[in-house]
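One letter stands for each residue in the lines below.
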Protein chains: 2
Amino acid sequence: MREVYVAGIGITSFGRLEYPLSEIAAYPGMLALKDAGLKAVDHLYVANMGGGRVNHQTALASAVIDTLSLTPAGAETIENGPASGASAIKTGFMAVASGVHDVVMVIGAERMREVNNLEATDFIATLTHPLAEYIYGVTLPSLAGMFTRLYMDKYGVTDRHLAMVAAKNHANAMLNPFAHLHQEVTIEGILDSPEAMTNNPFVADPLRFFDCCPVSDGAACLILATKEVAKKAKHPLVRLAGVGQATDTHAVHERAEPTDLLAVRTSAALSMDMAGVKPADVSVAELHDAFTILEIVESEEAGFFKKGEGHIALEKGETALTGRLPVNTSGGLKGKGHPVGATGVGQAHEIVTQLRGDAKKRQVKGAKVGFTCNFGGFGNNVVCLTFTREE
Amino acid sequence: MREVYVAGIGITSFGRLEYPLSEIAAYPGMLALKDAGLKAVDHLYVANMGGGRVNHQTALASAVIDTLSLTPAGAETIENGPASGASAIKTGFMAVASGVHDVVMVIGAERMREVNNLEATDFIATLTHPLAEYIYGVTLPSLAGMFTRLYMDKYGVTDRHLAMVAAKNHANAMLNPFAHLHQEVTIEGILDSPEAMTNNPFVADPLRFFDCCPVSDGAACLILATKEVAKKAKHPLVRLAGVGQATDTHAVHERAEPTDLLAVRTSAALSMDMAGVKPADVSVAELHDAFTILEIVESEEAGFFKKGEGHIALEKGETALTGRLPVNTSGGLKGKGHPVGATGVGQAHEIVTQLRGDAKKRQVKGAKVGFTCNFGGFGNNVVCLTFTREE
């Protein structure tokens, strides 16, 4: 199995974009080619969830490869719900590792502005179990709300901890020019002030408005390649050293312990094992905080903190930008935004930026090992990636 | 790069199926596990095009892996329009070849009965160029009609040749218990009889009703594995020896020579080169006859016949079941059916059945090398596979 490196990266602003989906997707590809000093690739994977449903477009990868003038390279669209991005990166990893291709472009892209919030919630709910959940009206916020209540009861997490995640990630997003939300959030403002119930109403008790990520458009790109190709780009060399994936029961209510996220636990361990690192070696992590509770739980399941103690580490500032393990330096899904198919690639973009030392005001000093957790379904299909900076 | 073998196969009947999409998809997976003598896999790829749009379901792969009780194996959905099936097989090939996984299940599935014929045509048209074709009302039959007229003018193909493809493939489908259409078709009946204009009206001049494949539900499965695993299944050993893929301009009108299908030519050559075989070595081929003209043109571009001479070979019976190179022994998309995401896997299922010597009344004697061409878009993203029987 050949080693796989990151040759180039690119990203759009996350937020509201005025272009068709295929153009949104192509743009960071163009940036990444420039970043890598390349004019051609062997293959393209496009991560996207809503093209067929929301944008009335299928075969998106064929449109993007043509828009970028990269034919006759092959191209496919990869879909794994909100984990589509990391799934596409994992697939690109295999293409290079196997020797089938030397240079593979991975783009994640989504354009969700076609739909209003109600339709967006229904669209995302199409990833729930078609026979055991969706037809009974389950949505992702409703699952997350029930999950959060259980977690609060079992481990002592409070609404204040949830608000801390929001405040931290919004603060990080302020330092990220590509983030969707450049809006400072304080615990006072969203929880304690007289206006809090108006500013921050319940979405799915106990989750409030500021516990939920926004609906965003956006795209990001990673070019994966052999070491030889990546070296020519003259960036600090970043290796995609570990890929891990695991599934869990599709219906959340079928899990033996519904507060465990076994797919996160397994995929994180697989990814770090392949990379030959331990949780304590990780310098910076992007976790999938579609809801604030998820950042806390994933930080435990990935092995950074003991089960049930993620909120304590958060409280102590260990996951802050200046902490022992900065989490979601990009702003996370909460602050940076969540263009569904783009999210996993956007997470990887942030980690590569950090490992290259290019993250400017949000740079984690001496970052050498980076980790991403991209969470599909309600934890039924999770993909984790481990990146290392070569000395 | 490790060699990749077929450990097990399974298929549903193609046609009208009464089950939800996730159940249709899971069924051949169960059959393939039994065929392979396996109880677990390392990964699942599901090829599907219309889940999000037609069936209101995303993250299909997560639903299928759960339905089959194959968690915690990872799973993704792969979409490349009508070539999704072969794209998923190519991706599975890389997963095994790279050493990331030892046993990979590939399922292609589609359930299109939610939509009527008009909606189905619009759904398929979502794969055309979003800015240069779709918004102007282009559909796949309209593109195929114009392409056929050009081909007739340039190479002397007649409506009689098109009808020969339909008659041949319907005859083959009569011998395939899994085929959608068990309906004998004669050139007399669809072209020469007084009722022909009623029975076989124009869809997109010069293409008539019997030049177009049906709208089908269905699913098929291949389990790809290392030689060690595949040997244990005790079937004649079939190797996936070559995978090739190529793209062309997304908009058909941008091609220098619109009667050339360069993506077929390139992907076929790549696939056979990797397998170390030449077109003359191929014993049996499944070509993507969504429209009858495509079988003729693909048989040329794949190198089986000279450009412009495919219809002459057809006329001579060279592609008949008893000919030098039987094409579409399964009945093809025309007779077997075209459940879009399933088609490429269905083609591979037929080839493996032939190479194992299990095709009964439609068996090609001594078949040793099999070839499939799965055609995405209107030839803008094509995946070809070459299978060999080990002695």
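Criteria and thresholds
Residues numbered from 1 in each chain as written. Chains lettered and ligands numbered in written order. Predicted model: local features only at pLDDT ≥ 70, side-chain atom pairs only at ≥ 80, totals over all residues. Heavy atoms only, no water. Contact = heavy atoms within 4.5 Å. Salt bridge = Lys/Arg side-chain N within 4 Å of Asp/Glu carboxyl O. Polar contact = N/O pair within 3.5 Å; in protein donor to acceptor, adjacent residues only side chain to side chain. Helix = DSSP H or I, 4+ residues; strand = E, 2+ residues; numbered from the N terminus. Expected span 1.5 Å × (residues − 1). Buried < 20%, exposed > 50% of the residue type's maximum accessible area, 1.4 Å probe, protein only. Least-squares fit on C-alpha atoms with pLDDT ≥ 70 in both. Pairing = 2+ DSSP bridges. Phe/Tyr/Trp six-rings, centres within 6.5 Å; stacked < 30°, edge-to-face > 60°. Lys NZ or Arg CZ within 6 Å of the ring centre and 35° of its normal.

S.K.: An account of the interface of chain A and chain B is needed here, citing residue identities and associated values.
M.R.: Between chain A and chain B, the contact holds 57 residues from the first and 57 residues from the second. Across the chain A-chain B interface, the total number found is 0 salt bridges. The tally of links from chain A across to chain B stands at 36 residue pairs in polar contact (both at pLDDT 80 or more). Only α1 (21-36), β2 (43-47), α2 (51-54), α3 (60-67), β3 (74-79), α4 (84-97), α5 (117-125) and β8 (238-247) of chain A provide two or more residues apiece to the side of chain A that touches chain B.

S.K.: Pulling in residues and values, what's your account of α1 of chain A?
M.R.: Residue and element names in this part refer to chain A. In this model, α1 (16 residues) spans 24 Å end to end at C-alpha, consistent with the 22 Å of a helix rising 1.5 Å per residue. Inspection of α1 places L21, S22, I24, A25, A26, P28, G29, A32, L33 and A36 among the buried residues, and these make up the whole buried set. Against the buried residues of α1 lie β1 (5-11), α2, α3, β4 (103-110) and β7 (218-225). The first or second residue beyond α1 is G37, which carries a positive phi of 70°.

S.K.: Before we move on, can you summarise the relation of the copies chain A and chain B with the specific residues and values?
M.R.: Each copy of the sequence occupies a distinct position, and chain A is placed on chain B by a rotation of 180° and an axial shift of 0.0 Å, giving an RMSD of 0.0 Å. On the angle and the small slide along the axis, the relation comes out as a two-fold axis. When each C-alpha of chain A is compared by its distance to the rotation axis, S98 of chain A comes out closest, at 1.8 Å. Here 100% of the interface residues in chain A have copies in chain B that are interface residues too; the copies meet face to matching face.

S.K.: Go over the pairing of strand β4 (residues 103-110) of chain B with me, naming the residues and quoting the values.
M.R.: Residues and elements named next belong to chain B. Summarising burial for β4: 8 of the 8 residues are buried, a large majority. Alternating positions in β4 separate into two faces, V103, M105, I107 and A109 on one and V104, V106, G108 and E110 on the other, with burial throughout. Of the pairings in the sheet, the one linking strand β2 (residues 43-47) to β4 comprises 5 bridges and is parallel in character. Across the sheet, V46 pairs through a bridge with I107, a residue of β4.

S.K.: So what's going on with the pattern of salt bridges? Residues and values would help.
M.R.: Scanning all chains against the criterion turns up 36 salt bridges over all chains. Among the ionic pairs, D192 of chain A bridges to R160 of chain A, the shortest N-O distance being 2.7 Å. Within this pair, whereas D192 of chain A is found in helix α8 (residues 187-192), its partner R160 of chain A is found in helix α7 (residues 159-174), the two being separated by 32 residues in sequence. Residue classification places D192 of chain A among the partly exposed residues on the basis of a relative accessible area of 39%. Among the residues examined, R160 of chain A registers a relative accessible area of 36% and is labelled partly exposed. Across the pair R16 of chain B and D217 of chain B runs a salt bridge whose closest N-O atoms are separated by 3.9 Å.

S.K.: Can you tell me about the packing of aromatic side chains, naming the residues and giving the values?
M.R.: Residue and element names in this part refer to chain A. Under the defined criterion, the tally for this structure stands at 12 aromatic pairs over all chains. Consider the rings of F375 and F378, whose centres lie 5.7 Å apart with planes at 85°: the pair is edge-to-face. Taken together through their ring pairs, the aromatic side chains of F147, Y151, Y155, F375 and F378 make up a single cluster. Geometry around F202 places R208 over its ring, the cationic atom sitting 4.5 Å from the centre.

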